[in-house]
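Coordinates in review
Each chain, written out:
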Amino acid sequence: MYLSGFHAVEERVRAAQEDSGAASKMKIYFSKSGPRVKKILELAKAAGIQCEQTDNKALDQMAASLSETARDHRGIILEIQGQEKRASNLVDFDVWLERFKAAAGKQAQEGGAKRTTVVILDSVTDPHNVGAVIRSADQFGAALVILPERRGANDVENNEIIARSSAGAASWVPVSVVTNLARAANLLKEAGFWIYGADAGGVQIQDGTFAKNSVLIMGSEGNGIARLLKEQCDTIVSIPTCGKIDSLNVSVAAGVLMYEIYRQDLAARS
């Protein structure tokens, strides 16, 4: 697997600093050493990642199989062995949920439970939007992003687009791909989460309070949240706007809602 883009490469290298096994499977190829490239090379060498200088023609050949956007390598490409079929941040949903329940039980015994936010993307097929949501998830502390196995941007072809659009956050935010979003939402509800669906006509965010453990469901811009998944929602929430068009881009709306959850948590702790 090849990865391009300054942000995406740098954050994957930073993540490898904490995992020597991952670092041993990586190699950086670069053609010129501008300020951004020099910074990445320093981080890579500190992590034990091999670096090799080459020319732009060789980099062009490596990037030939990537998306049109990702082919603009800016003079640096990260090669990751053994990841042709799987993104590095993918986690098994059931394993993640069991670990959450164990951690929540321990925190309850110790008298303090931290806020946990999960984001479910229903039929969001544009990988740029998925990447942007993951970037907001990183900035506002969401613990997991869940994508559907079908009718979503989660395949190998879109991995590098998501990584670039997330500005490197895809190296840090866990993502689960599940076969049934409604089942995942129901299991989260059974584990103590409150489910919030984003849709017009819901409770405006300034008039409501998000639970300590919240699931935020974002539907596609065309069809919204699927009926079976919407039935799992405890509350429908909306964002007050004043524009002439009828809706926000899904990634922008997700960012606003995640910020509000984060803001309420900050207010509760102050």
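The structure we're discussing is the one just above.
Residues numbered from 1 in each chain as written. Predicted model: local features only at pLDDT ≥ 70, side-chain atom pairs only at ≥ 80, totals over all residues. Heavy atoms only, no water.

**What to know about the overall build of the protein chain**
If you tally the helices and strands in the protein chain, you get 10 helices and 10 strands. By the burial criterion, 48% of the 270 residues in the protein chain qualify as buried. In the protein chain, 79% of the contacts between residues at least 6 apart in sequence involve partners at least 24 apart. Of the roughly 13,800 Å² of accessible surface on the protein chain, 47% is carried by carbon and sulfur atoms. (Helix = DSSP H or I, 4+ residues; strand = E, 2+ residues; numbered from the N terminus. Buried < 20%, exposed > 50% of the residue type's maximum accessible area, 1.4 Å probe, protein only. Contact = heavy atoms within 4.5 Å. Areas by Shrake-Rupley, 256 points an atom, 1.4 Å probe, with all protein chains shown as cover.)

**Re the environment of Glu231**
The residue Glu231 is located in the loop between α9 (227–230) and β10 (235–238) in this model. Classification of Glu231 as exposed rests on a relative accessible area of 54%.

**What about helix α10 (residues 250–269)?**
Here α10 is 20 residues long and its end C-alpha atoms lie 29 Å apart, about the 28 Å a rise of 1.5 Å per residue gives. Of the positions making up α10, those classed as buried are Val250, Ser251, Ala253, Ala254, Gly255, Leu257, Met258, Glu260, Ile261, Gln264 and Asp265. Packing partners of the buried residues in α10 comprise β5 (116–121), α6 (127–139), β8 (194–204), β9 (213–218) and β10. (Expected span 1.5 Å × (residues − 1).)

**Quick look at the pattern of salt bridges**
Tallied over the entire structure, the rule returns 14 salt bridges. Close ionic contact of Glu10 with Arg36 constitutes a salt bridge, the shortest N to O distance being 4.0 Å. Pair noted here: Glu10 is in helix α1 (residues 6–16) and Arg36 is in helix α3 (residues 35–47), with a separation of 26 residues, a long-range link. On the basis of relative accessibility, which here comes to 33%, the residue Arg36 falls in the partly exposed class. Here Arg263 and Glu260 are joined by a salt bridge, their closest N and O atoms 2.8 Å apart. (Salt bridge = Lys/Arg side-chain N within 4 Å of Asp/Glu carboxyl O.)

**Structural notes on the sheet that holds strand β2 (residues 26–30)**
Read from one edge of the open sheet, four strands run β1-β4-β2-β3, paired in mixed fashion. Each of the sheet's edge strands pairs with one partner strand only, and the pair in question is β1 (2–4) and β3 (50–53). Taken pair by pair, the neighbouring strands of this sheet meet at an average axis angle of 25°, ignoring direction. Note: β1 against strand β4 (residues 76–80), three bridges, orientation antiparallel. Directly across from Leu3, in β4, lies its bridge partner Leu78. α3 rests against β2, β3 and β4 of the sheet, and its axis sits at about 155° to β2. (Pairing = 2+ DSSP bridges. Axes fitted to C-alpha atoms, helices over the stretch in contact; angles between N-to-C directions.)

**Some points on the packing of aromatic side chains**
Following the criterion strictly, the structure yields five aromatic pairs and no others. Aromatic pair Phe140 and Tyr259: ring centres 5.6 Å apart, planes at 65°, arrangement edge-to-face. A residue pair is termed long-range when its members are at least 10 positions apart, and Phe140 in the loop between α6 and β6 (144–148) and Tyr259 in helix α10 qualify at 119 residues. Overall, the relative accessible area of 25% leaves Phe140 in the partly exposed class. The exposure class of Tyr259 is partly exposed, given its relative accessible area of 39%. (Phe/Tyr/Trp six-rings, centres within 6.5 Å; stacked < 30°, edge-to-face > 60°.)

**Some details on unusual backbone geometry**
Positive phi is not limited to glycine here, since Arg74 has a value of about 60°. As for its position among the elements, Arg74 is in the loop between α4 (56–63) and β4. Phi at Ser123 is positive, roughly 60°, even though this residue is not glycine. Residue position: Ser123 is located in the loop between β5 and α6.

**Points about the packing of α1 against α3**
When two helices pack together, their arrangement is captured by the angle between the axes and the distance separating the axes. Running from N to C, α1 and α3 cross one another at 20°; their axes reach a closest spacing of 9 Å. Classified by the angle their axes make, α1 and α3 are roughly parallel. The hand of the α1/α3 crossing is left-handed. Together, Phe6, His7, Val9, Glu10, Val13 and Arg14 of α1 and Arg36, Val37, Lys39, Ile40, Leu43, Ala44 and Ala47 of α3 make up the contact between the two elements. Residues belonging to the contact of α1 with α3 are distributed by class as follows: eight nonpolar, one polar and four charged. (Parallel < 35°, antiparallel > 145°, perpendicular 65-115°, else oblique. Left-handed = near helix turned anticlockwise from the far one by under 90°. Nonpolar A, V, L, I, M, F, W, Y, C, P; charged D, E, K, R; others polar.)

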